[in-house]
Amino acid sequence: MENNEAQGENRGQNSSNSTRSAVEKQAFEDDIGQILHRLNQPLTAINNYAQAGCQLIERGEVDPARLQDLFIKIFAQSLRSFEISQELGISVLRKPNGQEN
Amino acid sequence: MKETVESVFIVDDDEAVLDSLRVFLEASGFAVKTYASPESFLDDYHVELRGCVLLDIQMPTMSGLGLQEDLVAIGSVLPIIFMTGHADVPTAVQALKAGAFDFIQKPFDNGRLLELVARAFEVNRQDRQVLEQQQRIKARLQTLTPRETEVLDYIINGKASKVIASELNLSQRTVEIYRANVMQKMQARSVAQLVRSISEFSIDPDVA
């Protein structure tokens, strides 16, 4: 009788642990998803600025000041990407227990 | 005078994406206007705008889908190209079902972006032509008197003047006069052309 109760408690405990683990896993995935979304923005901007520079060169519109402005913007966005990727690294290190790599 | 230059209207809450897209599309020869929120685009929107909308699907104050709904509700024919992240693909599919022109994933394949914008401009030109023709026909319909509208209904249902005269209790001569007035006001050279112009654009003469 006592044995059965103990087994029931264990099952309850296991179920509660499993729910908590699923919630933590979902929260972790949401966090990573948000960071990746944010990382996508400066990468998109870098890509666009670089392509714009190529377009200008292809069209023979090589104005050094304009190109320099594009490089400065690319530099700023690459720094932004770097900061977000560091955040991503920290989040991955905080991965909930029991998750596979 | 409202601005009617064919343009790419970019709506994105990320300042760098907005600026870089403007720089890239301008370098590729397009006129561009940028908006940091869907609300600011709606404030600036008017029916004469031509071109296409490049719209971020995920924004904090109002989603891209919300703006799409509002634009459809106010009768906009501007094609919408959605910009999505990898995880937004199911939402983009939903947007396509709601009539979006296409979607493109960030970071872009810029060659594909240019192709999409060029195709969206072409679609917008065609849609505007249809809309303008529809408006011209509606305006002509509004010049008809109630009796002429009644006669028009009979004409487009294929009734001869003799039948119309009998059904409306008028002389055939009077019906001929109404018929001539209808043809002149609708600027139709033949009954076939009249029927085509009305049916092609699904216009109900009674509610135009």
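Everything numeric in this text was worked out from a predicted model, so none of it was measured.

## Concerning the overall build of chain A
Item 1. When you go through chain A residue by residue, the secondary structure sums to two helices and zero strands.
Item 2. By residue count, 17% of the 101 residues in chain A fall in the buried class.
Item 3. Long-range contacts, defined here as pairs at least 24 residues apart, represent 83% of the contacts in chain A between residues at least 6 apart.

## Re the sheet that holds strand 3 (residues 51-56) of chain B
All names here are of chain B.
Item 1. The strand order across the open sheet formed by five strands is 2-1-3-4-5, and the pairing between neighbours is parallel. Strands with a single pairing partner mark the edges of an open sheet, and in this sheet they are strand 2 (31-35) and strand 5 (102-105). In this sheet, neighbouring strand axes are inclined to one another by 20° on average, regardless of whether the strands run parallel or antiparallel.
Item 2. Of the pairings in the sheet, the one linking strand 1 (residues 7-11) to strand 3 comprises five bridges and is parallel in character. When the bridges of strand 3 are listed, S7 appears paired with G51.
Item 3. Contacting strand 1, strand 2 and strand 3, helix 1 (residues 15-27) runs over the sheet at an angle of about 175° to strand 2.
Item 4. Together, strand 1, strand 3 and strand 4 (80-84) form the strand contacts of helix 3 (residues 64-73), whose direction differs from that of strand 3 by roughly 150°.

## Re unusual backbone geometry
All names here are of chain B.
Item 1. Here the amide bond leading from K106 into P107 is cis, since omega sits at -15°, within 30 degrees of zero.
Item 2. Its place among the elements puts P107 in the loop between strand 5 and helix 5 (110-141).
Item 3. A positive phi angle is found at N169, which is not glycine, with a value near 60°.
Item 4. Within the secondary structure, N169 is located in the loop between helix 7 (161-168) and helix 8 (172-185).

## A look at the confidence of the model for chain B
Item 1. In this model, chain B carries an average pLDDT of 90, and 95% of its residues clear a pLDDT of 70 or more.
Item 2. Predicted complex, confidence summary: ipTM 0.73, pTM 0.77.

## Considering the interface of chain B and chain A
Item 1. With 16 residues of chain B in contact, the opposing surface of chain A contributes 16 residues.
Item 2. It is helix 1 of chain B that contributes the most residues to the side of chain B that touches chain A, seven residues altogether.
Item 3. For the side of chain B that touches chain A, the residue count by class is nine nonpolar, five polar and two charged.

## Let's talk about the environment of A92 of chain B
All names here are of chain B.
Item 1. Tracing the backbone through its elements, the reader meets A92 in helix 4 (residues 89-97).
Item 2. In sequence terms A92 and T145 are 53 residues apart; their C-alpha atoms lie 48 Å from each other.
Item 3. Ignoring sequence-local partners within four residues, the contact set of A92 consists of I57, F82, T84 and F103.

## Remarks on the packing of helix 6 (residues 146-156) of chain B against helix 8 of chain B
Residues and elements named next belong to chain B.
Item 1. The geometry of helix 6 relative to helix 8 is characterised by a closest axis approach of 9 Å and an angle of 90° between their N-to-C directions. Taken together, the axes of helix 6 and helix 8 lie roughly perpendicular to each other. Of the residues in helix 8, those touching helix 6 at R147, E148, V151, L152 and I155 are V175, Y178, R179, N181 and V182.
Item 2. Among the residues making up the contact of helix 6 with helix 8, the classes are represented as six nonpolar, one polar and three charged.

## Concerning helix 1 of chain B
Residue and element names in this part refer to chain B.
Item 1. Look at helix 1: 18 Å from first C-alpha to last across 13 residues, which is about the 18 Å you get at 1.5 Å a residue.
Item 2. All of the buried residues along helix 1 are V17, L18, S20, L21, V23, F24, L25 and A27.
Item 3. Immediately beyond the C-terminal end of helix 1, within one or two residues, lies G29, with a positive phi of roughly 100°.

## Here we look at the pairing of strand 4 of chain B
Residues and elements named next belong to chain B.
Item 1. Strand 4 sits mainly inside the fold: five of its five residues count as buried.
Item 2. Covered by surrounding structure in strand 4 are I80, F82 and T84 together with I81 and M83, the residues of both alternating faces.
Item 3. Relative to strand 4, strand 3 is paired through four bridges, and the arrangement is parallel. Within strand 4, the position partnered with L55 by the bridge is F82.
Item 4. This β-α-β element, strand 3 to helix 3 to strand 4, shows right-handed connectivity.
Item 5. Running through helix 4, the crossover from strand 4 to the neighbouring parallel element strand 5 is right-handed.

Definitions and cut-offs
Residues numbered from 1 in each chain as written. Chains lettered and ligands numbered in written order. Predicted model: local features only at pLDDT ≥ 70, side-chain atom pairs only at ≥ 80, totals over all residues. Helix = DSSP H or I, 4+ residues; strand = E, 2+ residues; numbered from the N terminus. Buried ≥ 20, exposed ≤ 12 C-beta atoms within 10 Å, placed from the backbone. Contact = placed C-beta atoms within 7 Å. Pairing = 2+ DSSP bridges. Axes fitted to C-alpha atoms, helices over the stretch in contact; angles between N-to-C directions. pLDDT = per-residue confidence, 0-100. Nonpolar A, V, L, I, M, F, W, Y, C, P; charged D, E, K, R; others polar. Parallel < 35°, antiparallel > 145°, perpendicular 65-115°, else oblique. Expected span 1.5 Å × (residues − 1). Right-handed = clockwise from strand over helix to strand, strands pointing away.

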